[in-house]
4 protein chains.
Amino acid sequence: MIRAAIVGATGYTGAELVRLLTRHREVELVGLTSRQYADQPYTTVYPHLSGQVDLNCQTQDIDAVTDAADVLFLALPHGLSVPWVAACVGKGKKVVDLGADFRLRRAAVYEQWYRVTHEAPELLAEAVYGLPELKRERIRTARIVANPGCYPTASLLSVAPLCGQGIVREDRLIIDAKSGASGAGRNANVGNLYGEVNENVKAYNVAKHRHNPEIEQEVAERAGLDPDAMAITFTPHLMPMTRGILATVYADLKEGLRPSAEEVRDLYRQFYANEPFIHVMDEGVWPQTKWSYGSNHAFIGLTVEGRTGRIIITTAIDNLVKGASGQAIQNMNLLFGLPETTGLEAAGIYP
Amino acid sequence: MIRAAIVGATGYTGAELVRLLTRHREVELVGLTSRQYADQPYTTVYPHLSGQVDLNCQTQDIDAVTDAADVLFLALPHGLSVPWVAACVGKGKKVVDLGADFRLRRAAVYEQWYRVTHEAPELLAEAVYGLPELKRERIRTARIVANPGCYPTASLLSVAPLCGQGIVREDRLIIDAKSGASGAGRNANVGNLYGEVNENVKAYNVAKHRHNPEIEQEVAERAGLDPDAMAITFTPHLMPMTRGILATVYADLKEGLRPSAEEVRDLYRQFYANEPFIHVMDEGVWPQTKWSYGSNHAFIGLTVEGRTGRIIITTAIDNLVKGASGQAIQNMNLLFGLPETTGLEAAGIYP
Amino acid sequence: MIRAAIVGATGYTGAELVRLLTRHREVELVGLTSRQYADQPYTTVYPHLSGQVDLNCQTQDIDAVTDAADVLFLALPHGLSVPWVAACVGKGKKVVDLGADFRLRRAAVYEQWYRVTHEAPELLAEAVYGLPELKRERIRTARIVANPGCYPTASLLSVAPLCGQGIVREDRLIIDAKSGASGAGRNANVGNLYGEVNENVKAYNVAKHRHNPEIEQEVAERAGLDPDAMAITFTPHLMPMTRGILATVYADLKEGLRPSAEEVRDLYRQFYANEPFIHVMDEGVWPQTKWSYGSNHAFIGLTVEGRTGRIIITTAIDNLVKGASGQAIQNMNLLFGLPETTGLEAAGIYP
Amino acid sequence: MIRAAIVGATGYTGAELVRLLTRHREVELVGLTSRQYADQPYTTVYPHLSGQVDLNCQTQDIDAVTDAADVLFLALPHGLSVPWVAACVGKGKKVVDLGADFRLRRAAVYEQWYRVTHEAPELLAEAVYGLPELKRERIRTARIVANPGCYPTASLLSVAPLCGQGIVREDRLIIDAKSGASGAGRNANVGNLYGEVNENVKAYNVAKHRHNPEIEQEVAERAGLDPDAMAITFTPHLMPMTRGILATVYADLKEGLRPSAEEVRDLYRQFYANEPFIHVMDEGVWPQTKWSYGSNHAFIGLTVEGRTGRIIITTAIDNLVKGASGQAIQNMNLLFGLPETTGLEAAGIYP
């Protein structure tokens with residue numbers, strides 16, 4: 001059994017890790033840290049897990065937590081992961097960081113968008129960006145996995161098959177993303193109150209969301225482009241729902257190209273042919289976020305708009321599963337040589 | 001492997017059976033019938049199950065479907081189950097009927113509330129009311145299991161520990177129930193449109209809901225009362241949510257009795273001590289329907305209101321799982337001698 | 001023009017007062033106080049009122065605010081109204097208190113349920129409980145109007161026509177109430193986050209909600225009963241919606257009585273015959289909270305359940321309008337001799 | 001008093017017209033037609049309007065309805081407006097058509113997108129596209145007003161100030177629009193059930209929505225471009241909410257241009273300087289659909305993304321008010337020489 005600990009276990013991604021790991025047949029949960037709920041039974045914080053887990057929350061003692069586990073899942077606000085990651089590396093433990101600190105390979109870009117100094121830039125080089133569908137082999141041998149952001153997961157799955165194919169302007173993508181409110185975590189602030197989110201839609205952090213450079217970094221890498229020359233627009237919107245992200249991507253076809261929708265769809269189907277979690281839909285079938293509710297599955301729809309010379313792609317995921325905790329477990333499975341779907345087989349819950 | 005067929009597979013309870021049975025390690029799905037979608041791949045109707053099931057919908061050929069299966073799940077509107085149940089009995093197959101036709105033991109009561117003639121009253125006697133927490137042993141050896149209604153499941157779990165204890169007036173219960181919209185099924189009618197249900201609450205079928213006699217029948221049986229002398233009020237309400245039932249039950253203490261909340265809670269905890277799906281909460285902790293979202297678990301909260309001489313109990317379930325398809329599988333597990341939790345281990349999905 | 005000031009103008013009831021008063025043809029808004037947003041334009045806090053109001057929020061200077069106005073609306077947490085009310089009385093200004101401090105006529109009851117000492121019990125005697133349909137004449141000449149709680153408004157409208165008629169046990173009512181999340185105000189706490197409220201229903205404060213004694217006080221008064229002998233059960237539930245309360249009331253018929261539903265309905269229709277805001281529905285028509293969305297209207301449905309000997313009544317209101325700010329304006333209209341519907345004519349918004 | 005009739009009064013836009021017109025001080029409602037509910041009191045269909053209107057629904061007798069009214073509002077499915085419009089023209093009555101039949105000036109374009117033959121192409125020339133902020137003067141003297149679609153209203157308000165200014169590529173706009181479910185009307189179909197829409201987001205009619213040519217027509221006109229050379233992408237999405245549209249528009253700056261956000265904002269503020277219903281927000285403030293809930297107001301946010309060379313604009317409206325019935329009344333006010341805001345003064349309802 002793999003002994004796993006979750007650092008920051010009482011946020012929504014922490015709770016989702018607990019839900020999934022308690023049913024993972026190769027994992028034993030050995031630590032759940034929480035500053036706010038230390039020493040309380042985990043199930044008093046999350047009663048829906050009654051009978052699934054009988055650990056108490058514990059304080060965030062880096063050495064004790066790390067020593068007791070084979071792998072750590074870090075579910076912390078940005079800026080707080082470094083000492084944990086350093087401890088894992090030092091003690092030879094695997095670590096999957098669900099936060100943002102190790103996603104951007106260049107400390108300067110991190111500091112520009114997050115406006116804090118990166119405390120361990122020397123570790124960035126060995127962190128692997130944990131999107132298994134794109135970097136499976138590198139993840140298998142990694143020590144540090146930087147679990148992708150929820151929006152980048154949906155965005156990159158949307159465009160990866162096109163990148164470097166000479167079909168679209170990868171540097172000029174427009175990504176209009178819609179997310180449920182759980183993406184903001186379990187933090188008490190007025191903007192996330194029911195009365196403010198319900199029956200309401202808005203854009204936010206327009207032209208300055210921190211997932212923008214993450215998307216550009218990975219698209220540039222796959223497309224073989226200069227990351228500094230990327231001009232991808234990413235606009236997040238808050239939806240009146242709890243879970244789910246739908247990314248709608250607009251990609252301009254290169255001058256003179258007009259592939260058919262079926263040609264493009266074939267490209268996607270080949271690219272994702274062996275992917276257990278990725279489903280490319282038929283023409284005219286557009287993914288619904290609820291199809292992925294509670295599951296690690298992603299659904300991709302696409303068409304070619306000949307009239308305008310654009311490919312339009314929409315991808316639906318559950319932001320807390322494929323966009324966070326499920327993907328983290330998928331990465332853990334790779335790190336430990338398990339079948340990638342272990343513990344993640346469940347379908348979404350519909351309706 | 002148990003070969004299972006679902007009759008009426010494209011309604012919401014049918015889809016939920018498919019979701020759960022495709023992950024049940026002892027079951028092979030061999031038939032999915034649908035009049036509306038015959039010959040279409042099941043996953044075109046429910047894409048969230050892509051990769052989980054590759055059957056086509058088939059027509060409702062009673063002999064063919066029954067012959068191919070060891071157990072049938074009937075998810076049909078009331079009045080349509082009889083020929084299927086008769087075929088199962090004739091061919092020695094087990095049947096779990098999720099509809100209403102075999103829940104009421106007296107044909108006259110059925111006919112009074114459902115306003116149709118029962119076509120096979122002779123079969124009623126051997127149907128077992130499939131609430132495993134109350135009738136486990138009888139279910140094990142049944143041929144026909146009448147799966148309880150969603151509201152009766154929540155209501156009966158709320159009051160069973162009190163019945164026959166001499167503490168409350170079982171015949172005078174008031175049950176105020178709140179249900180998500182999926183309880184009405186996937187039928188296109190104006191009253192179930194998003195615009196009509198969202199941001200809206202109403203009572204419906206007040207004083208005449210068909211689950212009322214079902215609740216009275218089972219409470220009377222457990223309490224040793226005359227079913228014709230029951231005067232239980234049951235008021236269903238439609239909530240702006242998809243899944244979940246919360247039953248709020250008001251039970252008058254018998255004259256002169258004032259047990260403490262902890263005494264009553266102990267009664268509940270003893271009653272449900274070995275039940276894997278039932279969770280009795282501490283004083284002051286009131287169940288939330290979302291705790292059970294997508295799961296077979298039920299959560300019970302209660303207190304004694306000394307000032308008024310009443311016990312107040314609330315029970316939360318997922319109407320499509322413990323209230324329908326999950327419970328049907330729990331019954332199937334009993335019918336086939338499997339551990340009762342097989343295929344139903346998952347926790348609810350929160351948030 | 002009546003000069004009106006709102007104290008605590010940036011909560012939800014404050015915002016609703018602003019929305020309604022800016023369209024009230026006899027009112028000029030002269031003051032909006034807010035500790036949190038002092039000196040900021042009101043429309044930066046509530047942009048939906050852009051173009052409707054151009055005041056800045058101001059600090060809570062009791063003398064200055066009171067001197068400038070003819071009437072004060074107090075939208076403050078309980079315990080904070082006393083100095084404002086005292087100032088109004090001292091300066092001869094009218095005051096409508098939307099908080100709880102002046103609703104309970106007996107300081108001891110207030111202190112028992114609210115667990116704070118009442119600072120001005122001597123003022124309680126002259127506060128009038130501001131439910132116009134029940135106390136219109138007393139309100140006209142009041143100096144202090146205690147605006148009812150949202151739940152008591154729906155509850156009392158449900159049962160007032162029955163009180164003192166010798167038909168039901170007024171002292172044994174059960175009120176099962178369902179409220180939207182805006183009832184909890186615009187306070188940042190985890191329990192009111194979208195992810196916690198959406199797709200979820202729960203009971204809360206069972207057997208100890210502070211609106212319970214308020215309901216008992218008014219029912220006792222109308223029924224001519226001893227307030228200390230009341231045993232009304234009141235159970236509030238949180239709904240996944242922003243606005244609206246539905247109160248479902250269960251009233252036991254007195255021994256031997258079995259009035260017809262139409263007899264009881266006639267009683268209601270006579271009682272509310274001249275009420276512009278109260279609508280008694282036909283048999284079988286059950287109110288929906290959305291009918292009252294954004295309006296001061298209340299909808300009442302009822303039936304007699306002969307089988308159990310109970311009357312069941314449901315009443316739907318908008319908790320922020322008839323349950324708070326609209327009713328406060330209705331009271332103000334009475335205080336100033338205006339037609340009672342002034343500024344409140346609008347219908348609900350549906351769907 | 002203007003005598004107004006509504007043809008197709010029991011759909012959602014019809015109900016919204018009734019709600020608004022019953023409070024319009026210059027209008028008397030004289031006819032409400034409905035095939036489905038003929039001879040029934042209107043308030044049995046829409047009880048939220050109890051006390052506001054006492055008409056019965058009537059059959060769709062063109063002559064009788066038209067003779068009795070000064071203005072007709074047509075709220076019919078596309079293809080059904082022609083005989084009503086012809087009757088109005090013949091009898092000298094004004095008509096505001098909320099349907100699609102008179103929005104596209106070229107019958108061939110209508111027939112291409114709607115796949116039906118236009119029955120009266122000769123009337124198209126005199127229909128005025130009723131977006132008052134753009135065509136106020138032409139509307140004043142029109143006989144036929146073609147009320148814009150909900151999506152085009154939000155889209156055109158988003159981009160009108162930029163059109164013809166030489167700043168952006170008007171022909172290459174991308175419009176990603178999000179709409180509440182009421183936009184689909186009160187039609188019973190599975191896709192609009194609560195269980196299908198709630199907690200769910202999807203794109204639909206991608207690259208083929210009928211509002212696309214309407215947007216292109218009006219943008220081309222304002223920008224002085226060839227309508228056949230337009231290549232605007234319009235992607236509608238269904239949101240889990242009842243009301244509201246948010247249009248997110250991406251406009252590429254022309255080669256070499258990099259105006260500041262404030263320069264662009266000034267352009268918008270000048271353009272809409274005297275518009276009572278249009279609110280241009282400050283930098284960093286992004287409109288929320290709920291700000292416009294139930295009201296005729298529109299809120300516009302924008303920024304310039306220098307990094308990519310794009311302007312991003314979001315506009316929020318209530319699809320049933322500014323996107324349909326409110327705008328229709330605004331047009332009626334213009335047709336009859338009334339102040340444009342008459343009957344439309346109310347702010348949105350928040351929260």
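- In the annotation of an unreviewed UniProt entry, chain A is listed under the name N-acetyl-gamma-glutamyl-phosphate reductase and assigned to Heliomicrobium gestii.
- Turning to chain A, the UniProt record has this under Sequence similarities (unreviewed entry): "Belongs to the NAGSA dehydrogenase family. Type 1 subfamily."

### Remarks on the overall build of chain A
Phase 1: Along chain A, the regular secondary structure elements total 12 helices and 13 strands.
Phase 2: Computed over C-alpha atoms, the radius of gyration of chain A comes to 20 Å, within 12% of the 20 Å expected from 2.2 N^0.38 for 351 residues, which places it in the range of a compact globule.
Phase 3: When each of the 351 residues of chain A is scored for burial, the buried share is 68%.
Phase 4: Long-range pairs, those at least 24 residues apart, make up 70% of the contacts in chain A between residues at least 6 apart in sequence.
Phase 5: A total of about 10,700 Å² of accessible surface is found on chain A, and carbon and sulfur atoms cover 46% of it.
Phase 6: If you average the places of the 34 positive and of the 40 negative side-chain charges in chain A, the two averages end up 2 Å apart.

### What about the UniProt feature "active site" (unreviewed entry) in chain A?
Residue and element names in this part refer to chain A.
Phase 1: UniProt records the feature "active site" (unreviewed entry) at Cys-150, using the numbering of this structure.
Phase 2: Mapped onto the secondary structure, Cys-150 falls in helix α8 (residues 150-159).
Phase 3: Look past the residues within four positions of Cys-150 in its chain and what remains in contact with it is His-211, Ile-245, Ile-317, Asn-319 and Gly-323.

### A few points about the interface of chain A and chain B
Phase 1: Taken together, the contacts link 33 residues of chain A with 33 residues of chain B.
Phase 2: Of the roughly 2,700 Å² buried between chain A and chain B, counting both surfaces, carbon and sulfur atoms make up 62%.
Phase 3: Considering only the side of chain A, the residues that lose the most area to chain B are His-48, Ile-349 and Pro-351 of chain A, jointly responsible for 24% of the buried surface there.
Phase 4: Scanning the region where chain A abuts chain B turns up zero salt bridges.
Phase 5: Applying the counting criterion to the chain A and chain B interface returns eight residue pairs in polar contact (both at pLDDT 80 or more).
Phase 6: Of all the elements, helix α1 (residues 12-21) of chain A adds the most residues to the side of chain A that touches chain B, at three residues.

### Here's the deal with unusual backbone geometry
Phase 1: Note the cis peptide between Tyr-350 of chain A and Pro-351 of chain A, where omega equals 0°.
Phase 2: If you trace the backbone, Pro-351 of chain A turns up in the segment after α12 (321-335).
Phase 3: The phi torsion at Asn-205 of chain C lies on the positive side, around 45°, for a residue other than glycine.
Phase 4: Structurally, the position occupied by Asn-205 of chain C is in the loop between β8 (202-203) and α10 (211-223).

### A word on the pairing of strand β12 (residues 298-305) of chain A
All names here are of chain A.
Phase 1: Most of β12 sits inside the fold, with eight of its eight residues counted as buried.
Phase 2: Of the two faces of β12, the one holding Ala-298, Ile-300, Leu-302 and Val-304 and the one holding Phe-299, Gly-301, Thr-303 and Glu-305 are both buried throughout.
Phase 3: Pairing analysis gives three bridges linking strand β11 (residues 278-280) to β12, with the strands arranged parallel. Bridge assignment links His-279 to a residue of β12, and that residue is Phe-299.

### A closer look at the UniProt feature "domain: Semialdehyde dehydrogenase NAD-binding" (unreviewed entry) in chain A
Phase 1: Those places that UniProt annotates as "domain: Semialdehyde dehydrogenase NAD-binding" (unreviewed entry) correspond, in this numbering, to residues 3-142 of chain A.
Phase 2: With 37% helix and 16% strand, residues 3-142 of chain A has end C-alpha atoms that lie 18 Å from one another.

### Let's talk about the relation of the copies chain A and chain B
Phase 1: Screw-axis analysis of chain A against chain B gives a translation of 0.0 Å along the axis, an RMSD of 0.0 Å, and a rotation angle of 180°. Taken together, the rotation angle and the small translation identify this as a two-fold axis. If distances are taken from each C-alpha of chain A to the rotation axis, the shortest is found for Glu-199 of chain A, at 4.1 Å.
Phase 2: Take the interface residues of chain A: 100% of them recur as interface residues in chain B, which is what a same-surface contact looks like.

### With respect to the interface of chain D and chain A
Phase 1: The interface of chain D with chain A comprises 49 residues on the first partner and 49 residues on the second.
Phase 2: When the buried surface of chain D facing chain A is broken down by residue, Glu-199, Arg-307 and Arg-310 of chain D rank first, second and third, together holding 16% of it.
Phase 3: Taken together, the connections running from chain D to chain A amount to six salt bridges.
Phase 4: For Arg-172 of chain A, the salt bridge identified is with Asp-252 of chain D, shortest N-O distance 3.5 Å.
Phase 5: Linking chain D to chain A there are 46 residue pairs in polar contact (both at pLDDT 80 or more).
Phase 6: For the side of chain D that touches chain A, the secondary structure elements donating two or more residues are β7 (174-179), α9 (194-197), β8 (202-203), α10 (211-223), β9 (233-238), β10 (245-252), β12 (298-305) and β13 (310-317) of chain D.
Phase 7: Among the residues making up the side of chain D that touches chain A, the classes are represented as 22 nonpolar, 14 polar and 13 charged.

### Focus on the pattern of salt bridges
Residue and element names in this part refer to chain B.
Phase 1: Throughout the structure, instances matching the rule amount to 120 salt bridges over all chains.
Phase 2: Of the charged contacts in the structure, one is a salt bridge between Lys-135 and Glu-221, with a shortest N-O distance of 3.1 Å. Taken as a pair, Lys-135 in helix α7 (residues 132-140) and Glu-221 in helix α10 (residues 211-223) lie far apart in primary sequence, 86 residues in all.
Phase 3: The exposure class assigned to Lys-135 is buried, which follows from its relative accessible area of 6%.

### Some details on the packing of helix α8 (residues 150-159) of chain B against helix α12 (residues 321-335) of chain B
All names here are of chain B.
Phase 1: Closest axis-to-axis distance for the α8/α12 pair is 8 Å, and the angle between their directions is 100°. Viewed along their axes, α8 and α12 adopt a mutual orientation that is roughly perpendicular. For the pair formed by α8 and α12, the contact residues are Cys-150, Thr-153 and Leu-157 on the first element and Lys-322, Gly-323 and Gln-327 on the second.
Phase 2: Of the residues that constitute the contact of α8 with α12, the class distribution is two nonpolar, three polar and one charged.

### Re the pairing of strand β2 (residues 27-33) of chain D
All names here are of chain D.
Phase 1: Counting buried positions along β2 yields five of seven residues, so the element is predominantly enclosed.
Phase 2: Across six bridges, the pairing between strand β1 (residues 2-7) and β2 is parallel. The residue bridging Ala-5 from the neighbouring strand is Gly-31, located in β2.

### Describing the packing of aromatic side chains
Phase 1: According to the stated counting rule, one finds 28 aromatic pairs over all chains in the structure shown.
Phase 2: Ring geometry for Tyr-151 of chain A versus Phe-234 of chain A: centroids 5.0 Å apart, planes at 70°, classification edge-to-face. Of the two residues, Tyr-151 of chain A sits in helix α8 while Phe-234 of chain A sits in strand β9 (residues 233-238), which places them 83 residues apart along the sequence. For the pair formed by Tyr-151 of chain A and Phe-234 of chain A, the shared burial category is buried.
Phase 3: With a centroid separation of 6.2 Å and 65° between ring planes, the pair formed by Tyr-350 of chain C and Tyr-46 of chain D is classed as edge-to-face. Remark: Tyr-46 of chain D occurs in the loop between α2 (42-45) and α3 (62-68) and Tyr-350 of chain C occurs in the segment after α12 (321-335); the pair is interchain, linking two chains.
Phase 4: For Lys-290 of chain B, the ring lying beneath its charged end belongs to Tyr-350 of chain B, and the centroid distance is 5.5 Å.

### What to know about the side chain of Thr-315 of chain B
Residue and element names in this part refer to chain B.
Phase 1: Mapping Thr-315 onto the fold places it in strand β13 (residues 310-317).
Phase 2: Judged by relative accessible area, which is 0%, Thr-315 ranks as buried.
Phase 3: At 2.7 Å, the side chain of Thr-315 and the side chain of Ser-158 are in polar contact.
Phase 4: Setting aside its immediate chain neighbours within four residues, Thr-315 contacts Ala-154, Leu-157, Ser-158, Ile-245, Leu-246, Ala-247, Phe-299 and Ile-300.

Cut-off values and rules
- Residues numbered from 1 in each chain as written.
- Chains lettered and ligands numbered in written order.
- Predicted model: local features only at pLDDT ≥ 70, side-chain atom pairs only at ≥ 80, totals over all residues.
- Heavy atoms only, no water.
- UniProt positions renumbered as here; feature names shortened; annotations may be inferred.
- Helix = DSSP H or I, 4+ residues; strand = E, 2+ residues; numbered from the N terminus.
- Rg over C-alpha atoms; globule rule 2.2 N^0.38 Å.
- Buried < 20%, exposed > 50% of the residue type's maximum accessible area, 1.4 Å probe, protein only.
- Contact = heavy atoms within 4.5 Å.
- Areas by Shrake-Rupley, 256 points an atom, 1.4 Å probe, with all protein chains shown as cover.
- Lys, Arg positive; Asp, Glu negative; His and termini not counted.
- Charge placed at Lys NZ, Arg CZ, Asp CG, Glu CD.
- Buried area = accessible area lost by both parts, 1.4 Å probe.
- Salt bridge = Lys/Arg side-chain N within 4 Å of Asp/Glu carboxyl O.
- Polar contact = N/O pair within 3.5 Å; in protein donor to acceptor, adjacent residues only side chain to side chain.
- Pairing = 2+ DSSP bridges.
- Least-squares fit on C-alpha atoms with pLDDT ≥ 70 in both.
- Nonpolar A, V, L, I, M, F, W, Y, C, P; charged D, E, K, R; others polar.
- Axes fitted to C-alpha atoms, helices over the stretch in contact; angles between N-to-C directions.
- Parallel < 35°, antiparallel > 145°, perpendicular 65-115°, else oblique.
- Phe/Tyr/Trp six-rings, centres within 6.5 Å; stacked < 30°, edge-to-face > 60°.
- Lys NZ or Arg CZ within 6 Å of the ring centre and 35° of its normal.

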